[in-house]
Amino acid sequence: MFFKKSANSKAVNNAYFATFVFWGVVLFINSICETYNREFISNSRIILVMGLAIFFITEFISIKKSQANK
């Protein structure tokens, strides 16, 4: 069940990549801001929730885009 190939694996891979890039950029900007004693996003929970939202939105858009191309 957990390791079964899904029909939307391309959409999920796109969403993984978008989330990874988002978290990487946000954490990089956060580290630069902390060097200068400023806050970009002070709460880690907000970064987590924003990344999860990016994942689900990107997956939804990828699925709709692939259905429109068929």
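Just so we're clear, the structure is a prediction, and the values are computed from it rather than from any experiment.

A. The overall build of the chain, seen in detail. Along its length, the chain carries 2 helices and 0 strands. A compact globule built from 70 residues would reach a C-alpha radius of gyration of about 11 Å, whereas the chain, at 16 Å, exceeds it by more than 25%. Expressed along its principal axes, the backbone C-alpha trace of the chain runs to roughly 50 × 30 × 15 Å. Per-residue burial over the chain gives 23% buried out of 70 residues.

B. Spotlight on the packing of aromatic side chains. Enumeration over the complete set of coordinates arrives at 2 aromatic pairs. Where F55 meets F56, the ring centres are 5.2 Å apart and the plane angle is 80°; that geometry is what we call edge-to-face. Ring pairs connect the aromatic residues Y16, F55 and F56, which therefore count as one cluster.

C. Geometry of helix α1 (residues 9–35). Helix length check: α1, at 27 residues, gives a terminal C-alpha distance of 39 Å against a target of 39 Å (1.5 Å per residue), a fit within 8%. Three or more residues of α1 are buried, namely A11, V12, A15, T19, F22, V26, N30 and C33. Of the surrounding secondary structure, the elements contacted by the buried residues of α1 are α2 (44–69). Looking one or two places after α1, you find N37, whose phi comes out positive at around 55°.

D. Expanded view of a nonpolar patch on the surface. On the surface, a nonpolar cluster with roughly 950 Å² of combined accessible area is contributed by F17, F20, V21, V25, F28, I29, I32, Y36 and F40. Relative to the helices and strands, Y36 is located in the loop between α1 and α2. The class of Y36 is exposed, set by a relative accessible area of 60%.

E. Representation of the environment of N43 in the model. Relative to the helices and strands, N43 is located in the loop between α1 and α2. Each C-alpha atom of the pair N43 and Y16 lies 22 Å from the other, and the pair is 27 residues apart in sequence.

F. A look at the packing of α1 against α2. Contact geometry for α1 and α2: axes closest at 8 Å, N-to-C directions at 150°. Accordingly, the angle class assigned to the pair α1 and α2 is roughly antiparallel. The handedness of the crossing between α1 and α2 is right-handed. Seen from α1, the contacting residues are A11, V12, N14, A15, Y16, A18, T19, F22, W23, V26, L27 and N30; seen from α2, they are I47, L48, M50, G51, L52, I54, F55, T58, E59, S62 and I63.

Parameters and conventions
Residues numbered from 1 in each chain as written. Predicted model: local features only at pLDDT ≥ 70, side-chain atom pairs only at ≥ 80, totals over all residues. Heavy atoms only, no water. Helix = DSSP H or I, 4+ residues; strand = E, 2+ residues; numbered from the N terminus. Rg over C-alpha atoms; globule rule 2.2 N^0.38 Å. Buried < 20%, exposed > 50% of the residue type's maximum accessible area, 1.4 Å probe, protein only. Phe/Tyr/Trp six-rings, centres within 6.5 Å; stacked < 30°, edge-to-face > 60°. Expected span 1.5 Å × (residues − 1). Contact = heavy atoms within 4.5 Å. Patch = residues over 30% accessible without salt bridge, like charges linked within 9 Å, V, L, I, M, F, W, Y side chains within 5 Å. Areas by Shrake-Rupley, 256 points an atom, 1.4 Å probe, with all protein chains shown as cover. Salt bridge = Lys/Arg side-chain N within 4 Å of Asp/Glu carboxyl O. Axes fitted to C-alpha atoms, helices over the stretch in contact; angles between N-to-C directions. Parallel < 35°, antiparallel > 145°, perpendicular 65-115°, else oblique. Left-handed = near helix turned anticlockwise from the far one by under 90°.

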